[in-house]
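Listed below are the residues making up each chain.
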Amino acid sequence: MEIDKAIEGAADVSPIEFRLDPGSGVPTYLQIVQQVEQALRLGYLVAGDRLPKVREVVACLAINPNTVLKAYRELEHKGLAAGRPGQGTFIEGTLDVVPLKDQQALRRGLVRWMGEATKAGLDEEGIAALVASAFQDLRQTKAAKVS
Amino acid sequence: MNTIETHRLGKRYGRNWALRDCTLAIPGGRVVALIGPNGAGKTTLLQLAVGLTASTRGEITVLDGIAPGSPEALNGIAFVAQDTPLYKYLSVADTLHLVSSLVDTWDGPHARARLGALGIPLDRKVGRLSGGQQAQVALAVALARHPRLLVLDEPVAELDPLARHDFMSTLMEAVATDGISVVFSSHVLSELERVCDYLVLLSRGRVQIAEATDDLMATHRVLTGPVEQSDGVAQALSVVHERRAGRHTHLLVRTSNHLSVPPGWQDGPSNLEEIVLGYLRSPEASALAGPGSPTSDTAQAVWA
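Sequence order sets the numbering: in each chain, residues are counted from 1 along the sequence as written. Working convention: letters from A go to chains and numbers from 1 go to ligands, in the order in which they are written. Local features in this predicted model are restricted to residues of pLDDT 70 or higher, and side-chain atom pairs are both shown and tallied only at a pLDDT of 80 or more, whereas totals for entire chains, interfaces and linings draw on every residue.

Per the convention used, a helix needs a DSSP run of H or I reaching at least four residues, while a strand needs a run of E reaching at least two, with both numbered from the N terminus. Counting its regular elements, chain B contains ten helices and 14 strands. Viewed in the frame of its principal axes, chain B has a C-alpha envelope of about 70 × 40 × 35 Å. Labels follow a simple rule on C-beta atoms placed from the backbone: if 20 or more others lie within 10 Å of a residue's own, it is buried; if 12 or fewer, it is exposed; otherwise it is partly exposed. Counting over 304 residues, chain B shows a buried share of 42%. Here the analysis covers contacts within chain B between residues at least 6 apart in sequence; of these, 70% occur between residues at least 24 apart. Contacts are defined on C-beta atoms placed from the backbone: any two residues whose C-beta positions lie within 7 Å are in contact.

This next bit is on the nonpolar core. Think of a nonpolar core as buried Ala, Val, Leu, Ile, Met, Phe, Trp, Tyr and Cys residues, each tied to the set through C-beta atoms within 7 Å. By size, the foremost hydrophobic cluster in this structure holds 105 residues, and its most contacted members are Val32 and Val200 of chain B. Excluding anything up to four places from it in sequence, valine 200 of chain B contacts Leu24, Ile26, Val32, Leu34, Val207, Ile209 and Ala210 of chain B.

Contacts between the two partners involve 15 residues from chain B, matched on the other side by 13 residues from chain A. Secondary structure elements with two or more residues in the side of chain B that touches chain A: α6 (161-178) and α7 (192-195) of chain B. Among the elements that make up the side of chain B that touches chain A, the one with the highest residue count is α6 of chain B (eight residues). When grouped by side-chain class, the residues that make up the side of chain B that touches chain A number seven nonpolar, four polar and four charged. Polar here means any residue other than Ala, Val, Leu, Ile, Met, Phe, Trp, Tyr, Cys and Pro, which are nonpolar, and Asp, Glu, Lys and Arg, which are charged; Gly is therefore polar.

Let us now look at helix α4 (residues 100-119) of chain A. Residues three or four positions apart in an α-helix share a direction because the helix packs 3.6 residues into each turn. Counted at 1.5 Å a residue, the expected span for α4 of chain A with its 20 residues is 28 Å, and the 29 Å between its end C-alpha atoms agrees. Looking one or two places after α4 of chain A, you find glycine 121 of chain A, whose phi comes out positive at around 110 degrees. Expected span of a helix: the number of residues minus one, times 1.5 Å.

This next bit is on helix α5 (residues 131-143) of chain B. Helix length check: α5 of chain B (13 residues) gives 18 Å between terminal C-alpha atoms against 18 Å at 1.5 Å per residue, within 8%. The inward-facing, buried residues of α5 of chain B abut β5 (77-80), α3 (92-102), α4 (108-117), β6 (149-152) and α6 of chain B.

All names here are of chain B. In this analysis, strands are considered paired if DSSP registers two or more bridges between them. Within the open sheet, the four strands sit side by side as β11-β12-β10-β13. Their pairing is antiparallel. In this open sheet, the two strands that pair with only one neighbour each are β11 (238-244) and β13 (266-269). This sheet shows a mean twist of 25 degrees between the axes of neighbouring strands, independent of strand direction. The pairing of β11 with strand β12 (residues 248-254) spans six bridges and is antiparallel. Looking across to β12, one finds that valine 239 is bridged to valine 253. Whenever a helix is involved, its axis is fitted only over the stretch in contact; in every case the axis is a line through C-alpha atoms, and angles between N-to-C directions fall within 0 to 180 degrees. Relative to β11, helix α10 (residues 272-281) is tilted by about 90 degrees, and along the sheet it contacts β10 (220-226), β11 and β12.

Below is the structure:
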């Protein structure tokens, strides 16, 4: 097995490396944003970490540099990262993580609801389709409130 | 700054027009994909831009108003032709030496460092390198001239997936570090989305799309709904292409504002491949940046 290492030299190794899923339908810049958020949630990234340099990401994924810049700008806009001139982009904020206790309560509610949906005759795909369509309603309500 | 600007440009070979009435303004600092079916005029347009051929009609300028083929244009533009032609019996080192004697601007250490990093032996004959390595040699030669604009004709068509990825990452790294503008032709649609930020679609010698990819994605939606309502809904919108089935239909729609979807219809984003295919299947539709773009300001009238 071969292991690609992003950068040699322990001091400068980037804590995370991005990967792309071209079939996901999610725009490339958004995939990068989501992976940073996910890494923050899971503790792979903490405040003070340097994100991979634009040139490194570009060389690794063969993507347009503007895409990486757009993702990093979005992270700055969200208050999760900040650019330091000549040094790179660094993690600043943390994500508001929902406390574990609340997550468990929400999860119990969801499992109960899924039981009811199964009883009503929905299979897993049916449930997923219903959830996706409910998400769309939620987003539209949000968008309507904003405008 | 515009890297390539044309006005009613036309090129005729014998009785056939390879390019007709082509009006374009390709902005600088971009990675531009020039796409279209075989015979659409891609190679002709690129050859006109680098000064390898002269136009029959109309005008073309490069790098902000310079005539193609003039000394200034030749210095500012590097061109990698289709199938990356190189002298097969020269070694890599001799190839670099040859080019260095032919051009004004040459950064030899740059080229050798790039090839060294890729593990390409300088003493090897070019013909004994793999296809991917030969393409990398051609790219290194082009980049060592520090061009403002790099033009590539079908650079990755013949390469295997790994070589294609390596070639594109070298190219994108050069864009990131040197800020060069790139125009490349391709007919591989699936890989464009991650590489290019501006798209020009030629079909049958005419320009069908010339727009930033972000704008293209933001202004195209797919509406899916019952086929019997299709005509009514389509009437109020600027429909690029319709795929109609027995009961439902998919409308690829160009819109500048937020669509409020009629009841019973689904509205979703499109992707670059679907947009391009939609335009190719509807040769009369066009999406050109700037004023005069088709919009659907009356979209809400029907079901509001």
